[in-house]
Amino acid sequence: MSPRRVTLADVAKAAGVSRTTASLVLSGRGRELRISHDVEQRVLKAAEELQYRPNIVSVGLRTGTSRTIGFVSDTVATSRLAGDMIKGALEAARDRGFMLFIGETEGDAALEGLLLQAMQDRQVDGLILASMFTRTIKLPKGITAAPAVLLNALPKQPTPLPAVLPDEVEAGRSAARVLLDAGYRDGIYLIGAGPSLRDVPAGSVAAVERLVGIREALGEAGVKVAGARTCPDWQPEYGLAAAQDLLRTTRPRALICFNDRIAMGVYQALDDFGRKVPEDVSVVSFDDHPIASWMRPKLTTVALPHYELGRKAVDVLFTEIDRDRSDPDRVGEVHRVPMPVRSRDSVAPSATMESLD
């Protein structure tokens, strides 16, 4: 049998005060209501000695808050890479004295609805609906009934819910600037998407936004994309096939891969054709997957800020909890989290820059 929980009445009895007095002291209102210092200290000492903890359920009934947040995702919890979103959210919630309830749907819409309903039935103070990769989603029924935030997802229809996303457009600019700063002005090819905005995998928000950023940064420098090869899926085998197809007809000077798994396949293709990274071809990529630092040479990449995304989602959710929710026409703001460049060994100065030196 578990030990009996210490109650507020136990603390009051040990301190020799009324239950109301003990409650006021432990809620921090003792001084406000002119309870003497001696009485306050007796109550605090009794609570410490008895190891009293407030009953969260009863506190929630009185205050209208459960001090909990629901986090519902597709496959974030079981993803080695995206799991840092949960870590960031957990720590941000803990900093505020809140707990995070986590549920995973594995893409099952019916299960998603059940999990959201279960969280709401438990009176969570707010909800985070998260996706492992950036995509547009149809909002589950009833999610707008309480404060909620979309994480790594955009709504297909206008909604009052805010969204937290990685800044993929600026990431595209950053990847292009890495090559521009290294002196590249021609021979830059793309692997995974492009060259036009029509040449992207279906449903990939990241592909479109990264491509927009790449094209903008190169265009501002007066540089054109030399060409591109699309990949139906961003996995190593498709990166290998796309790079092999490119290398049969051209000699690229630099490659921008749309993620690190594509870059892994590209490395293999370059080796098959006797081209060395970065001596013959510089390579830059996206995501900062663990393989980026395992590859040889280590891969320069623009990192997905999963931990920071999780923390930001909690910050935005607390703003939602505190705001006036009476405006029916409000459209949720999109919050962009910066994606930092991880400079490693796969980019070398261009031959043009070296000759200028």
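The rules we used
- Residues numbered from 1 in each chain as written.
- Predicted model: local features only at pLDDT ≥ 70, side-chain atom pairs only at ≥ 80, totals over all residues.
- Heavy atoms only, no water.
- Helix = DSSP H or I, 4+ residues; strand = E, 2+ residues; numbered from the N terminus.
- Expected span 1.5 Å × (residues − 1).
- Buried < 20%, exposed > 50% of the residue type's maximum accessible area, 1.4 Å probe, protein only.
- Contact = heavy atoms within 4.5 Å.
- Pairing = 2+ DSSP bridges.
- Axes fitted to C-alpha atoms, helices over the stretch in contact; angles between N-to-C directions.
- Parallel < 35°, antiparallel > 145°, perpendicular 65-115°, else oblique.
- Left-handed = near helix turned anticlockwise from the far one by under 90°.
- Nonpolar A, V, L, I, M, F, W, Y, C, P; charged D, E, K, R; others polar.
- Phe/Tyr/Trp six-rings, centres within 6.5 Å; stacked < 30°, edge-to-face > 60°.

Participant: How do you make sense of helix 12 (residues 306–322) when you look at a structure like this?
Facilitator: Along an α-helix, residues three or four positions apart point the same way, because every turn accommodates 3.6 residues. Look at helix 12: 25 Å from first C-alpha to last across 17 residues, which is about the 24 Å you get at 1.5 Å a residue. Along helix 12, the residues that are buried comprise His 306, Leu 309, Gly 310, Ala 313, Val 314, Val 316, Leu 317, Phe 318 and Glu 320. On the buried face of helix 12, the contacting elements are strand 1 (68–73), helix 5 (84–95), strand 3 (126–137), strand 4 (148–155), strand 5 (163–166) and strand 11 (334–337).

Participant: Can you help me understand the pairing of strand 4 in this one?
Facilitator: Working note: regular strand, side chains alternate between the two faces of the sheet. Burial analysis of strand 4 places 7 of its 8 residues in the buried class, which makes it a mostly covered element. Inspection of the sheet shows strand 4 paired to strand 5 by 2 bridges, in the parallel sense. When the sheet's bridge partners are listed, Leu 151 is paired in strand 5 with Val 164.

Participant: Is there a simple way to explain the sheet that holds strand 7 (residues 227–230) in this structure?
Facilitator: One key point about sheets: their strands pair by backbone hydrogen bonds, in either a parallel or an antiparallel sense. Judged by pairing direction, the sheet is mixed, and its 6 strands sit side by side in the order 7-6-8-9-10-12 without closing on themselves. A single partner strand is all that each edge strand has here, and the edge strands are strand 7 and strand 12 (341–342). In the sheet, strand 6 (residues 188–192) pairs with strand 7 via 4 bridges, with the strands oriented parallel. Each bridged residue has a counterpart across the sheet, and for Tyr 189 the counterpart in strand 7 is Gly 227. Against the sheet, helix 7 (residues 168–181) engages strand 6, strand 8 (254–257), strand 9 (282–287), strand 10 (300–303) and strand 12, with an angle of about 165° to strand 9.

Participant: I tried to follow the sheet that holds strand 4 on my own but got confused; where do I start?
Facilitator: Taken in spatial order, the 6 strands make up an open sheet running 2-1-3-4-5-11, and their pairing is parallel. The outermost strands of the open sheet, each flanked by one partner alone, are strand 2 (99–104) and strand 11. Each neighbouring strand pair of the sheet contributes to a mean axis angle of 25°, computed without reference to strand direction. Inspection of the sheet shows strand 1 paired to strand 3 by 5 bridges, in the parallel sense. The partner of Val 72 across the bridge, within strand 3, is Leu 129. The strands that helix 5 touches are strand 1, strand 2, strand 3 and strand 4; relative to strand 2, the one it contacts most, it runs at about 155°.

Participant: So what exactly am I meant to see when it comes to the packing of helix 5 against helix 12 here?
Facilitator: Packed helix pairs are characterised by how far apart their axes lie and by the angle those axes make with each other. Two numbers describe how helix 5 lies on helix 12: the axes approach to 6 Å, and their chain directions differ by 40°. It follows that helix 5 is oblique to helix 12 by the angle criterion. Note on packing geometry: the crossing formed by helix 5 with helix 12 is right-handed. Between helix 5 and helix 12, the contacting residues are Asp 84, Met 85, Lys 87, Gly 88, Ala 89, Glu 91, Ala 92, Ala 93 and Asp 95 on the first element and His 306, Tyr 307, Leu 309, Gly 310, Arg 311 and Val 314 on the second. Of the residues belonging to the contact of helix 5 with helix 12, the class tally is 7 nonpolar, 3 polar and 5 charged.

Participant: What am I meant to see in the packing of aromatic side chains here?
Facilitator: One pair of aromatic rings is described through two measures. These are the centre distance and the angle between the planes. Per the stated rule, a full pass over the model turns up 3 aromatic pairs. Look at Phe 98 and Phe 318: their rings are 4.9 Å apart centre to centre, the planes differ by 85°, and that puts the pair in the edge-to-face class. Of this pair, Phe 98 sits in the loop between helix 5 and strand 2 while Phe 318 sits in helix 12, and the two are 220 residues apart along the sequence. Seen in terms of ring centroids, Trp 234 and Phe 258 are 5.8 Å apart; in terms of plane orientation they differ by 50°. Their pairing is tilted. Within this pair, whereas Trp 234 is found in the loop between strand 7 and helix 9 (236–247), its partner Phe 258 is found in the loop between strand 8 and helix 10 (260–272), the two being separated by 24 residues in sequence. Connected via pairs of aromatic rings, a cluster forms that spans Trp 234, Phe 258 and Phe 286.

Participant: I keep staring at the environment of Val 283 and nothing clicks. Help me out?
Facilitator: Position of Val 283 relative to the elements: it lies in strand 9. In this structure, the C-alpha to C-alpha distance between Val 283 and Ile 188, residues 95 residues apart in sequence, is 9.7 Å. Those residues within four positions of Val 283 in sequence are excluded, and the remaining contacts are Leu 255, Cys 257, Tyr 267, Leu 270, Val 277, Leu 299, Thr 300, Ser 346 and Val 347.

Any link to function would need more than the numbers given here.
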